[in-house]
Amino acid sequence: MFKLLAVLALVSASVAHRYKGGHYRQTKNATYDYQSLTWDEAHEYEECDGFVDSYDEQDEGVGKDGAEALNDMHHFMSRHHPKRMEDICIDVEAGPVCPDFHRDNSAGHCGFETVIIPKGKWMVADIDMADEMGVRNAYKGKIFYKYRGPHKIRFVYPAIVKWELNKNGERVKGEIAMYLPAEHQSNPPKSEYNEVRIEEWDETKVYLRPYGGYRDDAEFKQQFTLLRRAVRRAGFGYKDNEEWEAGYTYLRYGRQRIEAMVLDSSYKA
């Protein structure tokens with residue numbers, strides 16, 4: 001059961017493929033009422049004028065082919081309001097935990113949220129760029145089977161995928177990382193495999209847009225374009241050779257949350 005939950009959790013957390021369709025029976029309840037929220041309330045920052053109209057924004061459990069979930073539990077097969085952080089890190093003792101990321105709604109600006117990721121140690125594995133399933137396999141075949149699983153390390157949200165970009169903005173190198181729980185931060189278990197390494201990351205400031213959907217959605221890729229536009233409009237700088245994805249939710253189990261991120265280019269902790 002531990003292995004199954006771990007794999008499902010990460011696959012959703014930014015790695016997985018698109019929804020299977022309306023025939024897939026969901027087993028977790030989606031109990032939160034998001035349809036009563038405004039766009040800004042659901043996304044937890046103010047949107048820029050014209051941005052919402054530039055992509056398909058909806059909030060219903062109907063697939064793009066019109067198919068409805070058979071069990072009426074909201075499969076959210078199309079884009080929808082992202083799951084809010086307050087509904088993800090509710091019960092630390094009952095399951096996955098979240099590191100102490102400082103979140104700011106970027107008041108006075110529009111189109112993004114500002115987050116400070118604290119200094120800490122991460123489990124990291126390289127992604128095979130030639131492998132269509134490279135992100136998933138980097139987690140399942142490396143981080144989980146060769147490190148997390150053997151050491152019985154708890155799952156901590158989010159899973160972060162770091163992409164290195166060339167001068168044309170194309171992804172040329174990738175790695176996936178998971179934050180080590182607090183009990184392992186000072187003395188992480190030694191990795192016995194070259195495929196998994198422990199890295200200590202400096203405190204980092206990122207700008208992000210949360211997205212309710214899946215990482216292979218065209219609309220998710222568009223969030224990076226909108227994010228950069230909003231950050232430039234605010235007068236901030238970002239690194240143009242790197243972009244990150246952060247995932248927080250189980251694939252196909254109700255409401256999703258994946259974040260498009262760029263890094264502040266001049267932040268000093």
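Residues numbered from 1 in each chain as written. Predicted model: local features only at pLDDT ≥ 70, side-chain atom pairs only at ≥ 80, totals over all residues. Heavy atoms only, no water.

Q: Can you walk me through the overall build of the protein in this structure?
A: A tally of helices and strands in the protein yields five helices and nine strands. Evaluated residue by residue, the protein yields a buried proportion of 54% over its 269 residues. Within the protein, contacts between residues separated by at least 24 positions form 75% of all contacts whose residues are at least 6 apart in sequence. For the protein, the accessible area works out to roughly 12,700 Å², and carbon and sulfur atoms hold 46% of it. (Helix = DSSP H or I, 4+ residues; strand = E, 2+ residues; numbered from the N terminus. Buried < 20%, exposed > 50% of the residue type's maximum accessible area, 1.4 Å probe, protein only. Contact = heavy atoms within 4.5 Å. Areas by Shrake-Rupley, 256 points an atom, 1.4 Å probe, with all protein chains shown as cover.)

Q: Sorry, what's going on with the sheet that holds strand β8 (residues 242–247) here?
A: Within a sheet, neighbouring strands are paired by backbone hydrogen bonds and run either parallel or antiparallel to one another. With antiparallel pairing, the nine strands of this open sheet are ordered in space as β1-β2-β7-β9-β8-β4-β5-β3-β6. Two strands lie at the open edges of the sheet, namely β1 (102–104) and β6 (197–201), each paired on one side alone. Along the sheet, successive strands turn relative to each other by an average axial angle of 30°, direction set aside. Sheet analysis places strand β7 (residues 204–211) next to strand β9 (residues 258–263), joined by six bridges and oriented antiparallel. Following the sheet pairing, Tyr-207 is matched in β9 by Val-262. Sheet strands touched by helix α5 (residues 218–234): β4 (159–165), β5 (171–179), β7, β8 and β9. Its angle to β9, the strand with the most contacts, is close to 40°. (Pairing = 2+ DSSP bridges. Axes fitted to C-alpha atoms, helices over the stretch in contact; angles between N-to-C directions.)

Q: Looking at this model, I keep getting lost on the state of the cysteines. Mind explaining?
A: Covalent bonding between the sulfur atoms of two cysteines is what defines a disulfide. Scanning all chains against the criterion turns up two disulfides. Here Cys-89 pairs with Cys-98 through a disulfide, and the sulfurs are 1.6 Å apart. Between Cys-89 and Cys-98, the S-S torsion sits near -75°, and that sign places the bridge as left-handed. On the basis of relative accessible area, Cys-89 is assigned to the partly exposed category, the value being 26%. With relative accessibility at 22%, the residue Cys-98 sits in the partly exposed group. By sequence-ordered numbering of the bonded cysteines, the protein has its disulfides arranged as 1-4, 2-3. (Disulfide = S-S within 2.5 Å.)

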